[in-house]
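# Chains, contacts and geometry: an overview
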Amino acid sequence: MQESQSSPQFEGAELIVQSGSEQSSVDARSLISTLLVYVAKSYGHLSSLETDRMIAILSSKYGDHSAGIMEQLSASVMALADDRDIAKTLHDVAKGLNEDEKREIFSLVLDLAM
């Protein structure tokens, strides 16, 4: 019998993923941070300028201090190193985003690229 997997959905700041009878959740802040690191690393390595820009973007979005943001970015770098299918994971996450969330994330990524 094949397990069904429903589209991921956001509930507040958490992304809920249902696969069969199992449910897991991921913090939206972690997902956005991982996406920003993924985009920044797509050109090879993270420069200090890109890192500073990500800190500024995430600090502005979440009102957090640099130490907390640096911890989140470090966790994102580790997640990318551990997850060989990160592009698929991020694609699956995108299925659970509404149009406003997609626009907001696109804006953050575009802000990083500028």
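See the structure above.
Described in the following lines is the structure provided in the data block. Keep in mind it's a predicted model, so treat the numbers as computed, not measured.

With that settled, the discussion passes to the pattern of salt bridges. For the structure on display, the rule yields two salt bridges. Across the pair Asp-111 and Arg-53 runs a salt bridge, and its minimum N-O distance is 2.4 Å. Note that Asp-111 is positioned in helix H5 (residues 99-113) and Arg-53 in helix H2 (residues 48-62), a separation of 58 residues in sequence. A salt bridge links Asp-100 to Arg-103, with the nearest nitrogen and oxygen atoms 3.3 Å apart. You can see Asp-100 and its partner Arg-103 sitting in helix H5, three residues apart, about one turn around the helix.

With that settled, consider the side chain of Thr-51. With respect to the helices and strands, Thr-51 occurs in helix H2. The buried category is assigned to Thr-51, whose relative accessible area is 19%. Leaving out residues up to four positions away in the same chain, Thr-51 has contacts with Leu-46, Met-70 and Leu-73.

Reading the values: the criteria
- The written sequence of each chain sets the order in which its residues are numbered from 1.
- Under the rules for a predicted model, residues below a pLDDT of 70 receive no local features and side-chain atom pairs below 80 are neither given nor counted, while totals for whole chains, interfaces and linings still include all residues.
- Note that the side-chain values use all heavy atoms of the structure and ignore hydrogens as well as water.
- In the sections that follow, a salt bridge refers to a side-chain nitrogen of Lys or Arg positioned within 4 Å of a carboxyl oxygen of Asp or Glu.
- Segments assigned H or I by DSSP are reported as helices when at least four residues long, segments assigned E as strands when at least two residues long, and all are numbered from the N terminus.
- When accessible area is computed with a 1.4 Å probe and restricted to protein chains, residues below 20% of their type maximum are described as buried, those above 50% as exposed, and intermediate ones as partly exposed.
- The contact criterion used is simple: two residues touch if any of their non-hydrogen atoms lie within 4.5 Å.

What is shown is where atoms sit, not what they do.
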